[in-house]
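Per-entry structural report
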Amino acid sequence: MINRDEFRSIEFESHGIIDMPQQSACRVPKGFQPMQNQKELAFKIGNIVQEYKAKYQEEHPGRCSQYALVEKACDIPIDTIKRLITGRTRVTRTQLAKLCVGLKLPIENADRLFFMQGGLLNLSNDFDYIVYHALADGDDIYSFIGEVREYTKVRISDGT
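In this report, we go over the structure that sits alongside the text. (Residues numbered from 1 in each chain as written. Predicted model: local features only at pLDDT ≥ 70, side-chain atom pairs only at ≥ 80, totals over all residues. Heavy atoms only, no water.)

Structural notes on unusual backbone geometry
Quick reminder of the rule: We count a stretch as a helix when DSSP gives it H or I for four or more residues in a row; a strand needs E for two or more, and each element gets its number in order from the N terminus.
The phi torsion at Asp-75 lies on the positive side, around 60°, for a residue other than glycine. Residue placement: Asp-75 occurs in the loop between helix H3 (66-74) and helix H4 (78-86). Although it is not a glycine, Lys-104 adopts a positive phi angle of roughly 55°. Along the chain, Lys-104 falls in the loop between helix H5 (93-102) and helix H6 (107-117).

What follows is the structure in structure tokens.
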């Protein structure tokens, strides 16, 4: 959870979800060209989802759908998860944030994925700041969605 007073005292260089490659300059050093390897990102997301399912099955033996598990943990619809894994749709920063927070990835692993998506997490952006602290604190997906709405006025729970 974010400390409200601390958050309000920070002067962020950028606000909201910056998803377009040409806007990534707000997040990374001048002249930096992000990797933006969507195929590799989709592959890595697929591996992470399979690992999450395997870990879940160790604790809860039996059959289960990896897509249903991720949908519940990340608040991302099953059809969207399938498209992300197969690479049929471009991974947005919002989807990646929800995936990383919902699956409780370590910050280092999440940052590698964000790098492939368009830029490392940058604490001078208010959305990235919230993502970073949600990962660091192990927040659940609904707490994260609530904080994003409260602090950035952006709704990320509408089927993304």
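Here the narrative resumes.
Concerning the side chain of Ser-14
Heads up, the rule is: Any pair of N or O atoms that falls within 3.5 Å is considered a polar contact. Within protein, one atom must be able to donate a hydrogen and the other to accept it, and sequence-neighbouring residues count only if both atoms are side-chain atoms.
By the secondary structure assignment, Ser-14 is in the loop between helix H1 (4-9) and helix H2 (38-59). Among the polar contacts listed, one links the side chain of Ser-14 to the side chain of Asn-125, at a separation of 2.9 Å.

Considerations on H3
Put simply, the rule is: Burial classes follow relative accessibility: with a 1.4 Å probe on protein chains only, a residue under 20% of its type's maximum area counts as buried, one over 50% as exposed, and anything between as partly exposed. The directions from the helix axis to the C-beta atoms are what the arc is built from. Contacts are residue-level and defined by heavy atoms, with any inter-residue pair within 4.5 Å sufficient.
Residues Gln-66, Leu-69, Val-70, Ala-73 and Cys-74 constitute the buried set of H3. Burial along H3 is one-sided: seen end-on, the buried residues are contained in an arc of 105°. Of the surrounding elements, those touching the buried residues of H3 are H2, H4, H5 and helix H8 (141-152). For H3, the side-chain oxygen to backbone nitrogen distance between the N-cap and Tyr-67 is 3.2 Å, and the N-cap itself is Ser-65.

Coordinates in, geometry out; function isn't part of it.
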